[in-house]
Amino acid sequence: MKLGDGVEQAIHSVTMLSCLQPGSTLSAAALAEFHGVSTSYLLKHLQAMSGAGLLEAVPGPKGGYRLARAPEKTTLLDIVLAVEGPDPAFRCNEIRLRGPDPYQCKPTAPCTINVAMLRAEQAYRAELRRVTIADIMADLNSIDRDGAIAARTNRFLATHERKSGVSA
């Protein structure tokens, strides 16, 4: 299963946004700069996550993006579905009914290949549903023994976080 680059960028962006102080935002340009990616490409995915209720888009001079719900309430599956859409990765086109010598009668059972692929997708989605952004942050904190990752993030946020008196 291959996911687009937007999924990686979206997960990293949501993780970064989970580091903001309450009420603060981060612009799409700042998120793109931090991750070294295209602002226009990332913006498309930020807008999709905003439309899915994962992020809040705040207009104005102190505007930008922030989490719309707590990191414990946002799963990797939520992000994947917001960016990639809800359709399964495998789509059965019933090719068993085509070709020079196609299956002659209308099948009474679903395509066994499709069944197997959907079962695998269900397992994949179940695992993504199990992992929250809070889990990702906890894992990150456990490997950041010398504090270098946190220091890098904090340095960036010190100059790019748009603080507001309004809490999320």
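To start, this report covers the structure provided alongside it. (Residues numbered from 1 in each chain as written. Predicted model: local features only at pLDDT ≥ 70, side-chain atom pairs only at ≥ 80, totals over all residues. Heavy atoms only, no water.)

## Quick word on the pattern of salt bridges
By the definition in use, this model includes 4 salt bridges. In this structure, the salt-bridge partner of Glu 56 is Arg 66, at a minimum N-O distance of 3.1 Å. With Glu 56 in strand E1 (residues 55-58) and Arg 66 in strand E2 (residues 64-67), the pair connects residues that are 10 residues apart, well separated along the chain. As a salt-bridge pair, Arg 125 and Glu 121 come within 2.9 Å of each other at their nearest N and O atoms. Pair noted here: Arg 125 and Glu 121 are both in helix H5 (residues 112-130), with a separation of 4 residues, about one helical turn. (Salt bridge = Lys/Arg side-chain N within 4 Å of Asp/Glu carboxyl O. Helix = DSSP H or I, 4+ residues; strand = E, 2+ residues; numbered from the N terminus.)

## Overview of the pairing of E2
The pairing of E1 with E2 spans 4 bridges and is classified as antiparallel. Residue pairing across strands places Leu 55 opposite Leu 67, the latter belonging to E2. (Pairing = 2+ DSSP bridges.)

## What about the environment of Gly 36?
Its location among the elements puts Gly 36 in the loop between helix H2 (28-35) and helix H3 (39-51). Residues Gly 36 and Gln 9 lie 27 residues apart in sequence; the distance between their C-alpha atoms is 9.8 Å.

## Looking at helix H6 (residues 133-143)
Taken residue by residue, H6 has Ile 133, Ala 134 and Met 137 as its buried positions. Buried residues along H6 cover an arc of 100° about the axis, so they all sit on one side. In the core, the buried residues of H6 are packed alongside helix H1 (5-17) and helix H4 (76-84). A side-chain oxygen of the first residue of H6 lies 3.3 Å from the backbone nitrogen of Ala 134; this N-cap is Thr 132. (Buried < 20%, exposed > 50% of the residue type's maximum accessible area, 1.4 Å probe, protein only. Arc of directions from axis to C-beta. Contact = heavy atoms within 4.5 Å. Polar contact = N/O pair within 3.5 Å; in protein donor to acceptor, adjacent residues only side chain to side chain.)

## Observations concerning the packing of H4 against H5
For the pair H4 and H5, the least separation of the axes is 5 Å and the interaxial angle reads 120°. It follows that H4 is oblique to H5 by the angle criterion. Contact residues: Leu 76, Leu 77, Val 80 and Leu 81 in H4; Tyr 124, Arg 125, Leu 128 and Arg 129 in H5. Looking at the contact of H4 with H5 residue by residue, the class counts come to 6 nonpolar, no polar and 2 charged. (Axes fitted to C-alpha atoms, helices over the stretch in contact; angles between N-to-C directions. Parallel < 35°, antiparallel > 145°, perpendicular 65-115°, else oblique. Nonpolar A, V, L, I, M, F, W, Y, C, P; charged D, E, K, R; others polar.)

## Some points on the packing of H1 against H4
Following both chains from N to C, one finds H1 and H4 inclined at 130°, their axes separated by 9 Å at the closest point. The angle between H1 and H4 places the two elements in the oblique class. In terms of crossing hand, the pair formed by H1 and H4 is right-handed. On the side of H1, the interface is formed by Gly 6, Val 7, Ala 10, Ile 11 and Val 14, while H4 contributes Leu 76, Ile 79, Val 80, Val 83 and Glu 84. Residues of the contact of H1 with H4, tallied by class, amount to 8 nonpolar, 1 polar and 1 charged. (Left-handed = near helix turned anticlockwise from the far one by under 90°.)

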